[in-house]
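Coordinate inspection notes
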Amino acid sequence: MLAITLSVIRPGVVLPRPAASSLRRTTIVRIKLGFIALSATLALGLGACGGSGAGGGDATTTKEAAPADLTIGVAMPTQTSERWIADGKAVKEKLEGKGYKVDLQYAGDDIPTQSQQVDQMITRGADVLIIAAIDGTALSSQLQAAADAKIPVIAYDRLIRGSKNVDFYDTFDNYAVGVAQGKALLTGLGLMTKDGSKGTAKGPFNIELFAGSLDDNNARYFFNGAMDTLKPYLDAKQLVVKSKQTAIEQTATLRWAQETAQKRMEDLLTKAYSDGTKVNGVLSPYDGISRGIITAVQNAGYGAKGIARPVVTGQDAEIASVKLINQGVQSSTVFKDTRLLADQAVIAAEAFLKHTTPQANDTKTYDNGVKVVPSYLLPVKTVYKDDIKSLLIDSGYYTVQEVASGQAG
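Residues numbered from 1 in each chain as written. Predicted model: local features only at pLDDT ≥ 70, side-chain atom pairs only at ≥ 80, totals over all residues. Heavy atoms only, no water.

Per an unreviewed UniProt entry, the protein chain carries the name Sugar ABC transporter substrate-binding protein and comes from Kribbella qitaiheensis. Checking UniProt for the protein chain, the heading Subcellular location (unreviewed entry) contains the comment "Cell envelope". (UniProt positions renumbered as here; feature names shortened; annotations may be inferred.)

Right under this line is the structure:
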């Protein structure tokens, strides 16, 4: 009966003109049908308002749905990095441990592939999307489709820019990552101690700077945090960037690629150090970039024939770099415990599924160009050689055997 009523009064439908003898009766019927339709509309509206949250949709249906009937789409950027493999695995296992279905996709660092994968997740009826974007500006149409389908979107570690349809951001304190990398470089050179006090070294030291991929919003936070930390030492001439490449546009590494970093470091050594001077330290924002830098300097003879290796920083505690730190080849890395990040992604996803708002601990920092995205920031820790056991092995992140071999099991 309700379907018939709504059909009769649906806007835009032209009804046939009744005969004069039945006009009054038809008018009365229309009035009655109008009241019925209005009552039905009000009832539906009140039902939809009850308990609806940031994700929109029918709260009653979502709350009553069992986890096994709900699907979370998880879009990860690449499997060429140990870090993203670990992230995808952790998120999937934690969600499946709670009974949810998980659609996990890796995009091979290809933007069109990731766009297509997110489109498919929406088409297949994902209830929440967790996205670690390759390019933080390339998913606007997909996010609009998600919003139209009332699917909440959680940006995972990489802020998605240029869209109002980002509901939450789970990440680490990215500026603090850069600060930690800057301090680690200073500590490795002896200008600072691990506790932050003044070191015994005076300098000057020759350093070079590397930044991440400019299509990743985090790269600027890392670089700015590091440069703010290093600036007093650069101003005092205790640190010298011999290549004079100090802007992020000059130091960026597209897609965070190890091979790209190695090629740039080789070029720097050829052009800026051909006079026989040596590079003493390199600011690296990521372990893969660090390994490219290390390969370049090793090929140039550093670490042999009495030529000291430069201090090289890093990030993500990738097992191959942890082995190098243990061997004294890489100086440090910033540890971002992906298990904790996965936990927060699950907490946020469940909040949206229950039509509540995930708890944010930062509502001011992460402006994506359209809105300030509510965020949950996790702390980071710097790992030097003598921290490997306490921070990585004792916590169960790696085993002794994995550190020794440089391969995760």
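Regarding the overall build of the protein chain
Helix and strand content of the protein chain: 15 helices and twelve strands. Relative to its full complement of 409 residues, the protein chain shows a buried share of 48%. Considering only contacts in the protein chain between residues 6 or more positions apart, those separated by 24 or more positions represent 71%. A total of about 19000 Å² of accessible surface is found on the protein chain, and carbon and sulfur atoms cover 55% of it. (Helix = DSSP H or I, 4+ residues; strand = E, 2+ residues; numbered from the N terminus. Buried < 20%, exposed > 50% of the residue type's maximum accessible area, 1.4 Å probe, protein only. Contact = heavy atoms within 4.5 Å. Areas by Shrake-Rupley, 256 points an atom, 1.4 Å probe, with all protein chains shown as cover.)

Some words on the environment of Ala65
Within the secondary structure, Ala65 is located in the loop between α3 (59–64) and β1 (71–76). The spatial distance from the C-alpha of Ala65 to the C-alpha of Lys354 is 9.7 Å, given a sequence separation of 289 residues.

Remarks on the layout of surface pockets
Of the pockets and cavities examined, the largest pocket occupies roughly 520 Å³. Around the largest pocket, the lining is made up of 19 residues, and of these Ala86, Lys89, Tyr397, Tyr398 and Ala408 lie nearest the centre. At the level of elements, α4 (82–97) and α13 (338–353) are the ones that each hand at least two residues to the lining of the largest pocket. Counting residues per element, the lining of the largest pocket draws most heavily on α4, at seven residues. Residue composition of the lining of the largest pocket, by class: seven nonpolar, three polar and nine charged. Per-domain counts for the lining of the largest pocket show at least three residues from each of domain 1 (67–166 + 337–378) and domain 2 (174–335). (1 Å grid on protein atoms, 1.4 Å probe; cavity = no way out; pocket = protein on both sides within 12 Å on 5 of 7 lines; lining within 4 Å. Points joined across faces, edges and corners; volume = space filled by probe spheres on them. Nonpolar A, V, L, I, M, F, W, Y, C, P; charged D, E, K, R; others polar. Domains from an automatic or database assignment.)

Quick look at the packing of aromatic side chains
Inspection of every chain in the model, using the stated rule, returns seven aromatic pairs. Summarising the aromatic geometry, the rings of Tyr169 and Tyr366 are spaced 5.0 Å apart at their centres and angled 75° between planes, so their arrangement reads as edge-to-face. Taken together, the positions of Tyr169 in strand β5 (residues 168–172) and Tyr366 in the loop between α13 and β11 (375–378) put the pair 197 residues apart, joining distant regions of the chain. One exposure class covers both Tyr169 and Tyr366, and it is buried. Seen in terms of ring centroids, Phe222 and Trp256 are 6.1 Å apart; in terms of plane orientation they differ by 65°. Their pairing is edge-to-face. With Phe222 in helix α8 (residues 218–235) and Trp256 in the loop between α9 (248–251) and α10 (258–272), this residue pair connects regions lying 34 residues apart in the sequence. Look at Phe222 and you get buried, because its relative accessible area is 4%. Under the relative-accessibility criterion, Trp256 is labelled buried at 10%. In this structure an aromatic cluster arises from ring pairing among Tyr169, Tyr221 and Tyr366. One residue, Lys242, lies across the ring of Tyr273, its end atom 5.3 Å from the ring centre. Across the ring face of Phe210, the terminal group of Arg264 is positioned such that the distance to the ring centre comes to 4.4 Å. (Phe/Tyr/Trp six-rings, centres within 6.5 Å; stacked < 30°, edge-to-face > 60°. Lys NZ or Arg CZ within 6 Å of the ring centre and 35° of its normal.)

Topic: the packing of helix α5 (residues 111–123) against helix α6 (residues 140–148)
Two elements in contact, α5 and α6, have axes whose closest approach is 9 Å; the angle formed by their N-to-C orientations is 10°. As judged from the angle between their axes, α5 and α6 are roughly parallel. Residues Ser115, Val118, Asp119 and Ile122 of α5 lie in contact with α6, whose contacting residues are Gln142, Ala145 and Ala146. Per-class residue counts for the contact of α5 with α6 are four nonpolar, two polar and one charged. (Axes fitted to C-alpha atoms, helices over the stretch in contact; angles between N-to-C directions. Parallel < 35°, antiparallel > 145°, perpendicular 65-115°, else oblique.)

Regarding empty space enclosed by the protein
Enumeration over the complete set of coordinates arrives at two cavities of 30 Å³ or more. Computed from the structure, the largest cavity encloses a volume of approximately 40 Å³. Forming the walls of the largest cavity are Gln181, Phe210, Ala211, Gly212, Ala219, Phe222, Phe223, Ala226, Leu283 and Pro285. Ranked by residue count, the leading element in the lining of the largest cavity is α8, at four residues. Its residues placed into classes, the lining of the largest cavity shows eight nonpolar, two polar and no charged.

Observations concerning the nonpolar core
Judged by nonpolar contacts, the single largest core of 27 residues is most densely connected at Leu95, Ile130 and Tyr156. Contributing elements (two or more residues each) for this core: β1, α4, β2 (101–106), β3 (128–131), β4 (153–156), β5 and α13. For this core, the leading source of residues is α13, giving eight residues. Once residues within four sequence positions are removed from consideration, Leu95 is found in contact with Ile72, Val74, Tyr100, Val102, Ile130 and Val346. Judged by nonpolar contacts, the second largest core, of 25 residues, contains Val177, Trp256, Val279 and Val282. (Core = buried A, V, L, I, M, F, W, Y, C linked by side-chain atoms within 4.5 Å.)

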